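# Structural overview
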Amino acid sequence: MLNRRSFVGFALAMGVGVLACGQGCKSSSNEAVVGAYLSLSGPDSTFGTDTRDGVDLALDEVNATGGVKGKKVKVLYEDDKSTTQEATNKVQQLIDRDNALAILGEVASSRSMAGGLVCNKKHVPMVSPSSTAAEVTRDPKTGILKEYVFRVCFTDDQQGDVAARFVHDTLKKNSVALFYVAQDTYSSGLANTFKASFEKLGGKIVIDKGYQKGETNFTTYLQEIKGKSPDIIFTPVYYNDMVLIARQAKATNLPGSMFVGGDGWDSSDLIEGAGDLLEGAYFTNHYAPDVPWPNSQKFVASFKAKYHRDPSSLSAQGYDAASLLFDAMGRATELSPEAIKVALAATANFSGATGSLTIDKNHNANKPIVVVQVKNKKFAYSTQLLSTAN
Ligand code: PHE
């Protein structure tokens, strides 16, 4: 990792070339600088650190084969401390101070919205590894595409649709309670898309409960939900909240297997904090360590060799976002933000750890969605489904 001090040292060594350069001479040094803003600390810290590990693996690989266009790739990491304000600040710094050619980040949709605004305004391409809210790449009100923002994951329109079909058609459950964070872009958005698809299938939402971000006592909500006797509680929240919810559900006599979640559950902290309590629960995800895709298995082996543990989906998505960006930098007509953006938009059939990546006209990647089950305190691949939503 390069901190500010060592970056300044590097810049001095380069004859201050990097600091003094404007847009036009970004590629004049012998390093190609990419910025990454992630939640390396704060409540969602495993999202950031797991993603960084995936990016670093991709970085090792690209530099082992000579970098891009004869230049070594350098990734400057910035910690946004899990806040949207810092996401904005850090992206500004990476572009204005560090002259990053492109930006990697963020995981949480709310922070990708903040960072994406800056990238779009400053005409520097951004690749989000795993932000799934539809509006990250396209403004839903105006319908306008954020021309410089891309992602290597599916969207919540697709994820909600797949989760609804899985509950209705595979689990054969017909009555669902929704429990989510009311003001969070990701959580409330995914609850909404699930609801629309589930009702279309003829399912019933028996209670729709949004709680406030930062709440930690869920007992009253859980009792109210229990009173409606749902078959399933759809809880598209991040892992940190899910640990608390699982513990309080046990105290309320709601079995953990009633819960179904989204990709926000993916963290080793969920297993550590509530793995046993959630035995049998399912969630939709980008990948699972035992997913039967050849490229995923190759990635899992390299990741294990470097870090001696199984990669989470965050690491897999981080690896794919970085590998695709480096590939696009190689394909670009020159090393400029504009040319890299054009190359990213032209991506077709790039083979990633999480499947084949084709960037569509909305700058999204259409990919199969994996259903993961919590089994014996582990995440186990259950099935994969393709969304019928866009
Ligand atoms: N999809 C989530 C969001 O958009 C972030 C996330 C991705 C969390 C993958 C965990 C795993 O906010």
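The notes below deal with the structure included here. This structure is a prediction, so every number in the text was calculated from the model and none was measured. (Residues numbered from 1 in each chain as written. Predicted model: local features only at pLDDT ≥ 70, side-chain atom pairs only at ≥ 80, totals over all residues. Heavy atoms only, no water.)

## Re the site of the ligand
Taken together, the neighbourhood of the ligand is formed by 13 residues, with S109, S130, T132, Y238 and D263 sitting nearest. Between the ligand and D263, the relevant distance is 2.7 Å, taken from a nitrogen atom to a side-chain nitrogen or oxygen of the residue. Notes on the ligand: free accessible area 320 Å², of which the protein chains cover 100%. Of the residues contributing to the shell around the ligand, the split by class is 6 nonpolar, 6 polar and 1 charged. (Near = heavy atom within 4 Å. Polar contact = N/O pair within 3.5 Å; in protein donor to acceptor, adjacent residues only side chain to side chain. Areas by Shrake-Rupley, 256 points an atom, 1.4 Å probe, with all protein chains shown as cover. Nonpolar A, V, L, I, M, F, W, Y, C, P; charged D, E, K, R; others polar.)

## Here we look at the sheet that holds strand β4 (residues 126-128)
Taken in spatial order, the 5 strands of this open sheet run β2-β1-β3-β4-β5, and their pairing is parallel. Only two strands of the sheet have a single partner each, and these edge strands are β2 (72-79) and β5 (149-151). Direction aside, neighbouring strands of the sheet carry axes that sit 25 degrees apart on average. Examined bridge by bridge, strand β3 (residues 102-104) and β4 share 2 bridges and lie parallel to one another. Its bridge partner lying in β4, I103 is registered against M126. (Pairing = 2+ DSSP bridges. Helix = DSSP H or I, 4+ residues; strand = E, 2+ residues; numbered from the N terminus. Axes fitted to C-alpha atoms, helices over the stretch in contact; angles between N-to-C directions.)

## Regarding the nonpolar core
In terms of nonpolar packing, the biggest core is built from 99 residues, with F194, L278, L325, F326 and M329 touching the most fellow members. Element by element, the count of residues in this core is highest for helix α12 (residues 313-331), at 10 residues. Setting aside its immediate chain neighbours within four residues, F194 contacts G160, A163, A164, V167, V176, L178, I205 and F234. (Core = buried A, V, L, I, M, F, W, Y, C linked by side-chain atoms within 4.5 Å. Buried < 20%, exposed > 50% of the residue type's maximum accessible area, 1.4 Å probe, protein only. Contact = heavy atoms within 4.5 Å.)

## As for the pairing of strand β6 (residues 175-181)
Summarising burial for β6: 7 of the 7 residues are buried, a large majority. Covered by surrounding structure in β6 are S175, A177, F179 and V181 together with V176, L178 and Y180, the residues of both alternating faces. Sheet topology places β6 next to strand β7 (residues 204-211); 7 bridges connect them, and they run parallel. Looking at β7, one finds that S175 is bridged to K204.

## Digging into the packing of helix α6 (residues 156-170) against helix α7 (residues 185-200)
For the pair α6 and α7, interaxial distance at closest approach is 8 Å and the crossing angle is 50 degrees. Here α7 runs oblique to α6, going by the angle between their axes. In this structure, the crossing between α6 and α7 has a hand that is right-handed. Judged by residue contacts, D156, D157, Q159, G160, D161, A163, A164, V167 and H168 of α6 engage Y186, L190, T193, F194, S197 and F198 from α7. Of the residues that constitute the contact of α6 with α7, the class distribution is 7 nonpolar, 5 polar and 3 charged. (Parallel < 35°, antiparallel > 145°, perpendicular 65-115°, else oblique. Left-handed = near helix turned anticlockwise from the far one by under 90°.)

## Quick notes on the sheet that holds strand β13 (residues 369-375)
Across the sheet, which stays open at both edges, the 7 strands sit in the order β7-β6-β8-β9-β10-β13-β14 with mixed pairing between neighbours. The sheet is open, and its two borders are formed by β7 and β14 (378-385), each paired with just one other strand. Mean inter-strand twist for the sheet, computed between neighbouring axes without regard to direction, equals 25 degrees. Pairing of β13 with β14 involves 7 bridges; the strand directions are antiparallel. From the neighbouring strand, V372 faces β14, where its bridge partner is Y381. Against the sheet, helix α8 (residues 219-227) makes contact with β6, β7, β8 (232-234) and β9 (259-261), and its axis sits at roughly 175 degrees relative to β7, the strand it touches most.

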